[in-house]
Amino acid sequence: MKLQRMNRRALALGALAVTGALALTACGSDDTGGGEGGGASATAQAGNIDCGDAKGQLQASGSSAQKNAIDAWVKQYTAACKDVQINYNPTGSGAGITAFTQGQTAFAGSDSALKPEEVEASKKVCTDGQGIDLPMVGGPIAVGYNVPGVDALTLDASTLAKIFDNKITKWNDPAIAKLNDGVELPDLKIQAFHRSDESGTTDNFTKYLKAAAPKDWTYEPGKSWEAEGGQSAQGSSGVAQQVKQTNGAISYFELSYAADGIKTVDIKTEATEPVKATIENATAAIGAAKVVGTGKDLALELDYTPTAEGAYPIVLVTYEIVCDKGNKADTLPATKSFLNYVASEDGQAQLADAGYAPMPTEIITKVRETIAGLS
């Protein structure tokens with residue numbers, strides 16, 4: 001485990017110097033509160049946090065994908081800034097954006113960039129300003145499954161689309177067997193689970209299905225699940241728990257939730273070999289992400305159909321959403337102080353111990369500049 005921590009620390013420092021790498025990895029579960037962070041190095045980092053005039057309570061909500069990262073950040077930040085209390089509720093990206101645009105929170109976490117109508121809604125609470133996207137972490141969306149006796153499984157976009165659209169209903173279906181030569185697949189009903197709440201994870205997963213299998217996935221991508229059939233559960237932790245306890249189950253969630261023995265699907269792409277859901281393979285796919293937001297908005301464009309060997313195609317980026325102008329005076333100091341820490345070298349390096357990888361230098365530098373100008 002000590003060696004693993006050293007490797008993750010090396011990865012963090014390396015990624016801070018590389019402009020084409022951002023990913024999310026598996027370490028800890030929805031209840032871990034930040035994996036293995038909090039050691040001596042983390043304590044040293046806490047001494048570098050600038051609290052400024054920050055004080056009081058900071059309410060935030062949204063993406064459950066980043067919960068373990070937020071927990072790790074909050075632990076270190078509040079150890080240094082004892083006058084600040086941060087409450088982050090992992091309600092899902094859609095609910096987080098709604099709470100933000102209704103003025104209930106200082107910032108929101110979302111696995112999808114703001115839509116034009118959400119930007120418009122944010123202007124009601126951002127005086128003379130609007131909500132903007134600040135990318136902080138990114139990584140793979142794993143497809144987890146529970147099929148007794150099947151320790152390795154390969155699927156492609158077309159087969160996944162048919163499974164989640166209730167067109168393939170048995171695990172020994174010929175389409176699945178064709179992709180898994182030599183694997184003994186049981187005559188077992190497929191139990192497909194999707195998110196019941198509005199979710200950026202759902203948005204990115206369905207964007208992948210639409211991009212990679214447009215003939216088989218006829219629904220428009222979005223935070224809300226559109227296909228009929230299947231079963232639902234709340235949050236990433238909810239669908240992961242259903243996979244863990246239900247024979248025949250399959251679902252999608254961030255790799256950090258594929259803990260406690262949940263197996264993940266290898267994805268067949270145009271590359272020669274199927275691709276595993278790992279931090280390195282996600283990095284290969286999203287390393288070419290481009291900033292497409294305008295002004296101070298730093299929304300990214302992702303590639304859901306990579307062709308390179310070892311490029312994992314189902315990916316997401318998690319954003320912190322704040323007002324560029326018009327933040328509430330009583331929460332602005334704490335918001336800027338906390339996000340400054342999150343985007344700092346120490347904050348980004350902390351992600352390694354929490355089971356994530358930091359944002360690339362090119363992007364995080366722009367994030368820091370934007371945070372400095374929040375008003």
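The structure presented is a predicted model; accordingly, all values stated were derived computationally and were not measured. (Residues numbered from 1 in each chain as written. Predicted model: local features only at pLDDT ≥ 70, side-chain atom pairs only at ≥ 80, totals over all residues. Heavy atoms only, no water.)

### Some points on the overall build of the protein chain
Thinking step 1. Broken down by element type, the protein chain carries 13 helices and 13 strands.
Thinking step 2. Counting over 375 residues, the protein chain shows a buried share of 56%.
Thinking step 3. Once local pairs closer than 6 in sequence are excluded, the contacts in the protein chain between residues at least 24 apart make up 77%. (Helix = DSSP H or I, 4+ residues; strand = E, 2+ residues; numbered from the N terminus. Buried < 20%, exposed > 50% of the residue type's maximum accessible area, 1.4 Å probe, protein only. Contact = heavy atoms within 4.5 Å.)

### A look at the nonpolar core
Thinking step 1. In this structure, Trp73, Met136, Phe164, Ile250 and Phe338 are the most contacted members of the largest nonpolar core, which totals 102 residues.
Thinking step 2. The element best represented in this core is strand S4 (residues 131–146), accounting for eight residues.
Thinking step 3. Here this core spans two domains, and each of domain 1 (56–138 + 318–373) and domain 2 (141–284) adds at least three residues to it.
Thinking step 4. Beyond its immediate sequence surroundings of up to four residues, phenylalanine 338 is in contact with Leu58, Trp73, Val74, Tyr77, Ile86 and Phe107. (Core = buried A, V, L, I, M, F, W, Y, C linked by side-chain atoms within 4.5 Å. Domains from an automatic or database assignment.)

### Overview of the UniProt feature "binding site: phosphate" (unreviewed entry) in the protein chain
Thinking step 1. The feature "binding site: phosphate" (unreviewed entry), as annotated in UniProt, sits at Ser63, Ser64, Ala65, Ser93, Asp111, Ser199, Gly200 and Thr201 in this numbering. Across 139 residues in sequence, these annotated residues keep their C-alpha atoms within 9.5 Å of one another, forming a single compact spot.
Thinking step 2. Its location among the elements puts serine 63 in the loop between strand S1 (56–62) and helix H3 (67–80).
Thinking step 3. If sequence neighbours within four positions are ignored, serine 63 has contacts with Tyr88, Pro90, Gly92, Ser93, Gly109, Ser110, Asp111 and Thr318.
Thinking step 4. Only 3.0 Å separates the side chain of serine 63 from the backbone nitrogen of alanine 65, close enough to count as a polar contact.
Thinking step 5. Inspection of the secondary structure assignment puts alanine 65 in the loop between S1 and H3. (UniProt positions renumbered as here; feature names shortened; annotations may be inferred. Polar contact = N/O pair within 3.5 Å; in protein donor to acceptor, adjacent residues only side chain to side chain.)

### Focus: the environment of cysteine 81
Thinking step 1. The topology assignment puts cysteine 81 in the loop between H3 and strand S2 (84–89).
Thinking step 2. Residues cysteine 81 and lysine 55, spaced 26 residues apart in sequence, show a C-alpha to C-alpha distance of 7.9 Å.

### Overview of the side chain of threonine 159
Thinking step 1. In this fold, threonine 159 is placed in helix H6 (residues 157–164).
Thinking step 2. A polar contact is formed between the side chain of threonine 159 and the side chain of aspartate 156, at a distance of 2.6 Å.
Thinking step 3. Beyond its immediate chain neighbours, meaning those up to four positions away, threonine 159 contacts Ile168, Ala175, Ile176 and Leu179.

### Thoughts on the pairing of S4
Thinking step 1. Where burial is concerned, most of S4 is hidden: 16 out of the 16 residues are buried.
Thinking step 2. Of the strand pairs in this sheet, S4 and strand S13 (residues 315–323) are connected by nine bridges, and their pairing is antiparallel. Along S13, the bridge assignment pairs leucine 134 with glutamate 320.
Thinking step 3. Where S4 lies against strand S8 (residues 249–254), six bridges are found, and the strand directions are antiparallel. From the neighbouring strand, tyrosine 145 faces S8, where its bridge partner is isoleucine 250.
Thinking step 4. Pairing between S4 and strand S9 (residues 263–264): two bridges, direction antiparallel. Across the sheet, residue tyrosine 145 finds its bridge partner in S9, namely lysine 263. (Pairing = 2+ DSSP bridges.)

### Looking at unusual backbone geometry
Thinking step 1. A positive phi angle is found at aspartate 128, which is not glycine, with a value near 60°.
Thinking step 2. Tracing the backbone through its elements, the reader meets aspartate 128 in the loop between helix H5 (116–122) and S4.
Thinking step 3. Backbone geometry at asparagine 166 places phi at a positive 65°, although glycine is not the residue there.
Thinking step 4. Here asparagine 166 lies in the loop between H6 and helix H7 (174–179).

### Here's the deal with the state of the cysteines
Here is the idea: a disulfide is a covalent bond, and it sits between the sulfur atoms of two cysteines.
Thinking step 1. Scanning the model with the defined rule gives two disulfides in all.
Thinking step 2. Disulfide partner of cysteine 126: cysteine 323, at an S-S distance of 1.9 Å. A torsion of -70° about the S-S bond marks the disulfide between cysteine 126 and cysteine 323 as left-handed. Here cysteine 126 is found in the loop between H5 and S4, whereas its partner cysteine 323 is found in strand S13, with 197 residues between them in sequence. Like cysteine 323, cysteine 126 is buried.
Thinking step 3. Among the cysteines of the protein chain that take part in disulfides, numbered as they appear in the sequence, the pairing is 1-2, 3-4. (Disulfide = S-S within 2.5 Å.)

### Observations concerning the packing of aromatic side chains
Thinking step 1. Under the counting rule described, the total for this entry stands at 10 aromatic pairs.
Thinking step 2. Measuring from centroid to centroid gives 5.9 Å for phenylalanine 164 and tryptophan 225, while their planes differ by 65°, and the two rings are edge-to-face. You can see phenylalanine 164 sitting in helix H6 and its partner tryptophan 225 sitting in the loop between helix H8 (200–212) and strand S7 (231–233), a full 61 residues away along the chain.
Thinking step 3. A residue is classified by how much of its surface remains accessible, and tryptophan 225, at 13% relative accessible area, is buried.
Thinking step 4. Plain terms: the ring middles of tryptophan 217 and tyrosine 219 are 5.0 Å apart, the flat faces sit at 65° to each other, and that makes the pair edge-to-face.
Thinking step 5. Among the aromatic residues, ring-to-ring pairing joins Phe164, Phe205, Trp217, Tyr219, Trp225 and Tyr252 into one connected group. (Phe/Tyr/Trp six-rings, centres within 6.5 Å; stacked < 30°, edge-to-face > 60°.)

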